[in-house]
Amino acid sequence: MIKKLFEILIVIILVNVSVNSQTLEELMQIGNENYKNENYSEAIESYSKILNQGYESSALFFNLGNSYFKSGQLGRAILNYERALKLNPGDDDIQFNLRLAKTRTIDNIKEVPQLFIVEWWNLLISMFSVSGWALVLLVFYLLLLLFIAFYFLSNNINLQRLSIYGGIVSSVFLLIFAIVLFASYHREVSFDYGILVANSANVKVSPTEDSSDSFIIHEGIKFELQDQLDNWAKIKLADGKVGWLQVNSFEKI
């Protein structure tokens, strides 16, 4: 018995050494090779190992989403496309695959209409991630410093005049993008969203098993997470419906 336990322990150690000895690049190559050969379960396993090591990127989530999509796991495919889009909002391939995956969902949720100015504002904020807007802000800050330097270092009156105009324009854009960055960051930390990964789920009126069913949702649907009580989360659909859902049926984006 002791010998058997010792052998099992050796196997566990060897497996752990084997996993840890694989670099992220090797795991990514293995995952891509498995995906290319249509071994989607093995591809998912390789990409998941990378995530388990604490590494995240839009490309990794995108590949993982593609693998889940090909293996017929629609909810997890949409979940990973959403995670990829969160890191890289402007990527056309991610947007296309996400739209394609959403066409396969059962629920047809009609969003509550918004004022055009609110819709435009949300589109503007979604153009870049928080780090992307921070980079834009930094560029305009450096431009402002450049115009100020030109103004004081140049002896030409025309160049000084251009520096003033350039400084004013840079300041205006700097202020606008600072507001957009703040709004993007506020939305990032204030709103959580989830994706249903179970085939379907009954959304309850209150957070108890005995509560009445409010409505049914199906795999891949996205919703806002508003509150949590024990193993129940209060969700809000895009059409405004609200109810309580068990936390083991969805994953947070």
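The numbers attached to residues start from 1 for each chain and follow its sequence in the written order. Local features in a predicted model are, by the rule used here, given only for residues with pLDDT of at least 70; side-chain atom pairs are given and counted only at 80 or more, and totals for whole chains, interfaces and linings are based on all residues. Values shown for side chains rest on all heavy atoms present in the structure; no hydrogens or waters enter the calculation.

Draft legend 1. Just the layout of surface pockets, in detail. Within this model, the largest pocket holds a volume of roughly 2,000 Å³. Using a grid of 1 Å spacing that covers the protein atoms alone, one calls a set of points a cavity when a 1.4 Å probe fits there but cannot get out, and a pocket when the set is open and has protein on both sides within 12 Å along at least five of seven lines; lining residues are those with an atom within 4 Å of a point. Lining the largest pocket we find 45 residues, and of these Glu111, Ser126, Arg187, Tyr193 and Lys222 sit closest to its centre. Counting from the N terminus, the helices are the DSSP runs of H or I reaching at least four residues and the strands are the DSSP runs of E reaching at least two. Contributions of two or more residues to the lining of the largest pocket are made by α5 (74-87), α6 (92-102), α7 (116-125), α9 (157-190), β1 (192-196) and β4 (222-229). With five residues, α7 is the largest single contributor of residues to the lining of the largest pocket. Among the residues making up the lining of the largest pocket, the classes are represented as 20 nonpolar, eleven polar and 14 charged. Grid points are joined across faces, edges and corners, and a volume is the space filled by probe spheres set on the points. Only Asp, Glu, Lys and Arg are considered charged in this grouping, and only Ala, Val, Leu, Ile, Met, Phe, Trp, Tyr, Cys and Pro are considered nonpolar; every other residue, Gly among them, is considered polar.

Draft legend 2. Region of interest: helix α2 (residues 24-36). Given the number of residues in a helix, its expected span is that number minus one, multiplied by 1.5 Å. The end-to-end C-alpha distance of α2 is 18 Å, a good match for the 18 Å that 13 residues give at a rise of 1.5 Å each. Each residue gets one of three labels from its accessible area relative to the maximum for its type: buried under 20%, exposed over 50%, partly exposed in between, using a 1.4 Å probe on protein chains only. Along α2, the residues that are buried comprise Leu27, Met28, Gly31 and Asn34. Down the axis of α2, the buried side of the element spans an arc of 130°, and every buried residue falls inside it. Seen from the buried face of α2, the exposed residues on the opposite side, beyond 90 degrees, are Glu25 and Lys36. Following α2 by one or two positions, Glu38 has its phi on the positive side, about 65°. Each direction from the helix axis to a C-beta atom contributes to the arc, which is the arc of those directions.

Draft legend 3. Structural view of the packing of aromatic side chains. Classification of ring pairs uses Phe, Tyr and Trp, with its six-membered ring standing for Trp, and accepts pairs whose centres are within 6.5 Å; under 30 degrees between planes counts as stacked, over 60 as edge-to-face, and the remaining range as tilted. Inspection of every chain in the model, using the stated rule, returns nine aromatic pairs. With a centroid separation of 5.1 Å and an interplanar angle of 55°, the aromatic rings of Phe140 and Phe177 are classed as tilted. On the criterion of sequence distance, the pair formed by Phe140 in helix α8 (residues 130-153) and Phe177 in helix α9 is long-range, its members being 37 residues apart. With respect to burial, Phe140 and Phe177 carry one shared label: buried. Members of the aromatic cluster, connected to one another through ring pairs, are Phe128, Trp133, Phe140, Phe173 and Phe177. The criterion for a charge sitting over a ring is simple: Lys NZ or Arg CZ within 6 Å of the ring centre, and within 35 degrees of the ring normal. Its guanidinium or amino end placed over the ring of Tyr193, Lys222 lies 5.0 Å from that ring's centre, counting from NZ or CZ.

Draft legend 4. Representation of the pairing of β4 within the structure. Strands qualify as paired when DSSP identifies two bridges or more between them. Pairing of β1 with β4 involves four bridges; the strand directions are antiparallel. Within β4, the residue paired with Ile195 across the bridge is Lys222. Here five bridges tie β4 to strand β5 (residues 232-236), and the two strands are oriented antiparallel to one another. Bridging across to β5, Gln228 finds its partner in Ala233. Here β4 hands over to β5 after two residues, with Asp230 in that stretch at a positive phi of 55°.

Draft legend 5. A look at unusual backbone geometry. Of note in this structure, Glu38 is not a glycine but carries a positive phi near 65°. Relative to the helices and strands, Glu38 is located in the loop between α2 and α3 (40-52). Residue Glu38 is classed as exposed on the basis of its relative accessible area of 56%. Backbone geometry at Asp230 places phi at a positive 55°, although glycine is not the residue there. Residue placement: Asp230 occurs in the loop between β4 and β5. Relative accessible area serves as the criterion here: at 64%, Asp230 is assigned to the exposed category.

Draft legend 6. Representation of α6 in the model. Those residues of α6 that sit buried are Ile94, Asn97, Leu98 and Ala101. With its buried residues spanning 100° around the axis, α6 presents them on a single face. Those residues of α6 that are exposed and aimed more than 90 degrees away from the buried face are Asp92 and Arg99. Considering only its buried residues, α6 is in contact with α4 (58-70) and α5. You can read the cap of α6 off the contacts: a side-chain oxygen lies 2.9 Å from the backbone nitrogen of Asp93, and it is on Asp91. Throughout, a contact is declared for two residues whenever any of their heavy atoms are within 4.5 Å. In protein, a polar contact requires one atom able to donate a hydrogen and another able to accept it; more generally it is a pair of N or O atoms within 3.5 Å, and residues adjacent in sequence count only if both atoms are side-chain atoms.

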